Each structure stands twice: as structure tokens, then as C-alpha cells.
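Chain and residue survey
The chain contents come next:
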Amino acid sequence: MARVLVVEDDQFVRSALIRHLTDASHTVRSVGTALEALREVAQVGFDVVILDLGLPDLDGAEALKMLRGITDVPVIIATARDDEAEIVRLLNDGADDYLTKPFSVEHLSARMAAVLRRSRAAGTAAAPSRELRVGGLSVDPLRRRAELDGVQLDLTRREFDLLAFLAGRPGEVVARRELLAEVWQQSYGDDQTIDVHLSWLRRKLGETAASPRYLHTLRGVGVKLEPPR
Ligand code: CA
């Protein structure tokens, strides 16, 4: 059971979502504009926000940024746009997952359950306090800070989790399935999710897949973080 905020201007989609979520014994509030959504999250605690990208007042990406400015609540983007670049950008801007419309209620339930599991695990798991060092990279799980050669990296929540997990096992090839399970707390999922975050992390480390320094992808096997040779 979760407290869900549905941000959706389409009355038909909104009613269907509310009905389904209520049937699944979630507590649901719903609004039709981004500004109302911002007001809601500022006043009420939610466990998850389902955010439609095509809202009448603010662009969805803009709305997400403003949401992130005030809360860390998990956000699932619901988009009719099958636009990979946009989805990548939103995941990087702090969306936790996305659904492409039209989606089934089963699909929504699965995504919601995964997002809730992750955020609850993150809230309860004891953070390792040890600072991790790999070459010029240092990762401080307790303060959630990472530096490369003394310069602080500006990472999203998920990029940090990914980097911290890999830094805890330097030189070891970590299977994609394990990353999904440990970083995303997900037993299913598409490789694209991992690829998207890896490519953004790689960019922030100032390297490319073609000439990696720290982050090595072994096609079909997994990912390895190690100091540059
Ligand atoms: Ca809409």
C-alpha cells in the first residue's frame, strides 16, 4: 500500500489510474497540472508520483526538475512520446522509471512495486561508511559524494548508487543481472536502463565506451570498474 500522486490532465486516463490504484488499496490523490503537483508534494508526503509528460501548464521535463528541487520522492514518468533521447534525459534528470503509453495496469503495478521496493530498501539499508578508493576516484557512501582526481562529480542518485556499487568491487566483472538486482532492486528489466545510466556515468567520468579509463563494459558479460592502467 502506498500514497500515490497521479499527475495527469487527461480525465479518462486519470480516472482509470485512480480506479486501478484504489482497487490495489493504494491511497491516491490526483491533479491535472504541474503547478498543482508541486503544491501537493510540498504539502503531502507521497511514496511515489506518476507524472504525465504532456501537461497543459509546464513541460514535463520542467515539472520533473521543479519536483526534484523540493522532494526525493520516486517519480515514474508516463509518456506517450516514444522518444529515446527524451527518456534518457528524464532518467538523468531524476526520474526513477518510465512507462510508454498506452500501458497495462499490470505493467504499471510492476514498475510501481519495483520503485517502492527500491526506495524502501534505500531508506532502511545501513549505508556503508567506508570511503571507497579506486585510482583517482573516491566514493563516500555515507555523504553520498564522489570525486575524481579531487574534483567533485555531479551525479544523480542512480548514477551514484551504480558508481558506489562498482567501486565496492574494483576489478571485478559485475553481471548486468546483478546490477539490476543490487542497484535497481529489480529482478527483471531491460538492458537499456543500465546502458543509459552507464553512458551518463561514463560521460561524467570524462571517458567514452570506445576508450574507457575506469568503466569497462564487457559485451554480453557485465561491467567492471578499475583504476586506469
Ligand atoms: Ca497529458
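Residues numbered from 1 in each chain as written. Predicted model: local features only at pLDDT ≥ 70, side-chain atom pairs only at ≥ 80, totals over all residues. Heavy atoms only, no water.

Most of strand 4 (residues 75-79) is tucked away, with 5 of its 5 residues classed as buried. Direction of pairing for strand 3 (residues 48-52) relative to strand 4: parallel, over a ladder of 4 bridges. Bridging from a neighbouring strand, Ile50 pairs with Ile76 of strand 4. At this point the chain moves from strand 3, through helix 3 (residues 60-70), to the parallel strand 4, and the crossover so formed is right-handed. (Buried < 20%, exposed > 50% of the residue type's maximum accessible area, 1.4 Å probe, protein only. Helix = DSSP H or I, 4+ residues; strand = E, 2+ residues; numbered from the N terminus. Pairing = 2+ DSSP bridges. Right-handed = clockwise from strand over helix to strand, strands pointing away.)

Our next topic: the coordination of the calcium ion. The calcium ion binds to the protein through Asp9 (OD), Asp52 (OD) and Gly54 (O), with metal-donor distances spanning 2.2 to 2.4 Å. In primary-sequence terms, the residues that donate to the calcium ion follow D-x42-D-x1-G. One end of the pair, Asp9, is in the loop between strand 1 (3-7) and helix 1 (11-23); the other, Gly54, is in the loop between strand 3 and helix 3, and 45 residues separate them in sequence. Judged by its relative accessible area of 36%, Asp9 is partly exposed. (Donors = N, O, S within 2.8 Å, 3.2 Å for Na, K, Ca; no water.)

With that settled, the discussion passes to the domain arrangement of the protein chain. Considered domain by domain, the protein chain is made up of domain 1 (3-124) and domain 2 (132-225). Carbon and sulfur atoms make up 42% of the area that domain 1 and domain 2 hide from each other, which totals about 1300 Å². Remark: the boundary between domain 1 and domain 2 carries 2 salt bridges. At the junction of domain 1 and domain 2, the tally comes to 2 residue pairs in polar contact (both at pLDDT 80 or more). When contributions to the side of domain 1 that touches domain 2 are tallied by element, the ones reaching two or more residues are helix 4 (84-92), strand 5 (97-100) and helix 5 (105-124). In terms of residues, the side of domain 1 that touches domain 2 owes the most to one element, helix 5, which gives 6 residues. (Domains from an automatic or database assignment. Buried area = accessible area lost by both parts, 1.4 Å probe. Salt bridge = Lys/Arg side-chain N within 4 Å of Asp/Glu carboxyl O. Polar contact = N/O pair within 3.5 Å; in protein donor to acceptor, adjacent residues only side chain to side chain.)

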